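Each chain, letter by letter, is given below.
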Amino acid sequence: MKKTIFLSLIISLIIGSCTQEKKSPMEGAWHVVSWERMKGDTLVGKFGRDYTGSEMKMWTKNHFAFVGRYKVDTVFMDNCGGGTFKLNGIHYEETYLYFPDQSYVGTYQRILLELKNDTLTQTWPCDENWQVKKGLHNIQKLTRLE
């Protein structure tokens, strides 16, 4: 009788764990800790050197949003947006549903992701073959806030 109860409990736990929806490793809130803008192999902009401020980005199951404020010289710039995303391994694609510049709404951005512990690196833009477009590209690092 004890074996039957024990086996029933084990089977219930196995079935329960198999049916749980897998969470995205990015789900939650993240804080931008570095950002470099490159033109080819040349650094043309750097967070902390050319501009200061802060930004955070949040992900849920299928959506993302970001909000931040930066200062370049004496000018403040607000950065915000959001939308949906698809993730396939390191290939991440954002579709903008909200953006201050309306020409971005409905467009998408291909981004390479690298997740190591609680640090997420995003590199974009990428072409249709997921190669970084070296003309002018960004490398952004975020750390988990939670």
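What counts and how
Residues numbered from 1 in each chain as written. Predicted model: local features only at pLDDT ≥ 70, side-chain atom pairs only at ≥ 80, totals over all residues. Heavy atoms only, no water. pLDDT = per-residue confidence, 0-100. Contact = heavy atoms within 4.5 Å. Salt bridge = Lys/Arg side-chain N within 4 Å of Asp/Glu carboxyl O. Buried < 20%, exposed > 50% of the residue type's maximum accessible area, 1.4 Å probe, protein only. Helix = DSSP H or I, 4+ residues; strand = E, 2+ residues; numbered from the N terminus.

A.B. asks: Tell me about the confidence of the model for the protein, and please be specific about residues and values.
C.D. replies: For the protein, the mean per-residue pLDDT works out to 88, and 85% of the residues sit at or above 70. When the criterion is pLDDT under 50, residues 5-13 qualifies, and its contacts beyond four places in sequence or with other chains add up to 0 contacts.

A.B. asks: An account of the pattern of salt bridges is needed here, citing residue identities and associated values.
C.D. replies: A complete count under the given rule lists 8 salt bridges for this structure. Put simply, Arg-49 and Asp-50 hold a salt bridge, and the shortest N to O gap is 2.8 Å. Take Asp-50: its relative accessible area is 32%, and that puts it in the partly exposed class. In this structure, Glu-114 engages Lys-116 in a salt bridge whose closest nitrogen and oxygen atoms are separated by 3.2 Å. Overall, Glu-114 belongs to the partly exposed group, its relative accessible area being 36%. Given the relative accessible area of 54%, Lys-116 is considered exposed. Salt bridges sharing partners connect three or more residues here, namely Lys-86, Glu-93 and Arg-110.

A.B. asks: Provide a residue-level description of unusual backbone geometry, including the pertinent values.
C.D. replies: A cis amide bond links Trp-124 with the next residue in sequence, Pro-125, at an omega value of 0 degrees. Mapped onto the secondary structure, Pro-125 falls in the loop between strand 8 (119-124) and strand 9 (137-144). Even without glycine at this site, Asn-117 takes up a positive phi of about 55 degrees. Note on placement: Asn-117 falls in the loop between strand 7 (108-116) and strand 8. Residue classification places Asn-117 among the exposed positions, given a relative accessible area of 75%. With a phi close to 65 degrees, Trp-130 is a non-glycine residue in the positive phi region. Structurally, Trp-130 can be placed in the loop between strand 8 and strand 9.

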